Amino acid sequence: MKKFSVIALAGLGLLLASCNDKKADDAKTSTEQTVAEKKGSMFSVDAATSKVEWRAFHKGGFAPRWGNLKITSGNLTVDNSQLTSGEFIIDMKSLTVDPASVTEKDKKYSDLEGHLKSKDFFDTEKNPTADFKITKVEDLATAPSDAVQGANKTVSGNLTLLGKTMNVTFPAKVNMTETNVDMMAKFTVNRADWGIKFGTDETDPAEWAISKDIEISVDIKAMKK
């Protein structure tokens, strides 16, 4: 039986003050789109320095939890000084919970890690990886207030979680040199769009106790092949 005390720990992802408030950093979500053609110079993602951070809350913004995920591989392409395509793979089994985010004396961060990896949430045994594939990149004239500092592009891409793919659009900061490409972004998604839910339905306390919003921070560093 699912225990409410465990539910109070759960939540994934990446920042929300309220379960119903629309935020500036909410990613626009739509159905899966055609992946961008790979053209131009190829830059290989550095798995050692690239990372994904997540942050989530209980309803109303209480008891935030946060942690990290590792990126295993990926690439970005640049043509005529413009980011044209890219993709990266996330190791879902690498999901960690920062011990500093679990301050209650009767709670253990390791219990939350195990719970998030279980069938109640990400079922990492069945779905060991997630991936993101760029579908479009456009110039961004004015960044939203909650976007990553220095955001200069609007990036759209297919995000696959639990085997389901949805397209998300968010502001990002892209820096390029002859040898390196960096892409940083921060955005919020609704876990329910990927079918990630803990309760049996919307009336189940197991579900309404946890915010549906996950804040995701991405820091991708790639080097020219």
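Here is what the cut-offs are and how they apply
- Every chain is numbered independently, its residues counted from 1 as its sequence is written.
- Side-chain atom pairs in this predicted model are given and counted only at pLDDT of 80 or more, local residue features only at pLDDT of at least 70, and totals for whole chains, interfaces and linings cover all residues.
- Hydrogen atoms and water are omitted, and side-chain values are computed over all heavy atoms in the structure.
- Summary of the burial criterion: residues with accessible area below 20% of their type's maximum are buried, those above 50% are exposed, and those between are partly exposed, where the area comes from a 1.4 Å probe applied to protein chains only.
- Runs of H or I in DSSP of at least four residues are treated as helices and runs of E of at least two as strands, each being numbered from the N terminus.
- The arc in question is formed by the directions pointing from the helix axis toward the C-beta atoms.
- The predictor reports its confidence for every residue as pLDDT, a score running from 0 up to 100.
- In what follows, residue pairs with any heavy atoms lying within 4.5 Å of each other are defined as contacts.
- A pocket, in this scheme, is an open set of points on a 1 Å grid over the protein atoms alone with protein on both sides within 12 Å along at least 5 of 7 lines, while a cavity is a set where a 1.4 Å probe fits but cannot get out; residues line either one if an atom lies within 4 Å of a point.
- Grid points are joined across faces, edges and corners, and a volume is the space filled by probe spheres set on the points.
- Under this grouping Gly is polar, as are all residues other than the nonpolar Ala, Val, Leu, Ile, Met, Phe, Trp, Tyr, Cys and Pro and the charged Asp, Glu, Lys and Arg.
- Any two strands between which DSSP finds at least two bridges are classified as paired.

S.K.: Even after reading the chapter, I still don't get helix H2 (residues 109-117), so can you show me in this structure?
M.R.: Turn by turn, an α-helix covers 3.6 residues, leaving residues three or four places apart pointing in a common direction. Regarding H2, the residues found buried are Leu112, Glu113, His115 and Leu116. Viewed along the axis of H2, the buried residues span an arc of 165 degrees, placing them on a single side of the element.

S.K.: When you look at the confidence of the model for the chain in this model, what are you seeing that I'm missing?
M.R.: Low pLDDT marks regions whose predicted coordinates should not be analysed in detail. For the chain, per-residue confidence averages 86 on the pLDDT scale, and 83% of positions sit at 70 or higher. Here residues 1-22 scores under 50 on pLDDT; set against residues more than four positions off or in separate chains, the count is 72 contacts.

S.K.: In this structure, what is going on with the layout of surface pockets? I would like to understand it.
M.R.: If you roll a probe as big as a water molecule over the atoms, it shows you where there is empty space left. Size it by volume and the second largest pocket reaches roughly 150 Å³. Along the wall of the second largest pocket there are 10 residues; nearest its centre are Lys28, Pro144, Thr169, Phe170 and Pro171. Of the residues in the lining of the second largest pocket, the class split is six nonpolar, two polar and two charged.

S.K.: What am I meant to see in the pairing of strand S10 (residues 210-224) here?
M.R.: Each regular strand shows side chains that alternate between the opposite faces of the sheet. The element S10 is extensively covered by neighbouring structure, given that 12 of its 15 residues are classed as buried. In this structure, strand S2 (residues 41-45) lies alongside S10, joined through three bridges in antiparallel fashion. Bridge pairing links serine 44 to methionine 223 in S10. Here strand S3 (residues 51-58) runs beside S10; their pairing, made up of seven bridges, is antiparallel. The residue bridging arginine 55 from the neighbouring strand is glutamate 215, located in S10.

S.K.: Sorry, what's going on with the side chain of threonine 124 here?
M.R.: Topologically, threonine 124 is positioned in the loop between H2 and strand S6 (129-139). Residue classification places threonine 124 among the buried positions, given a relative accessible area of 3%. Apart from the residues within four sequence positions on either side, threonine 124 is in contact with Met92, Lys93 and Lys117.

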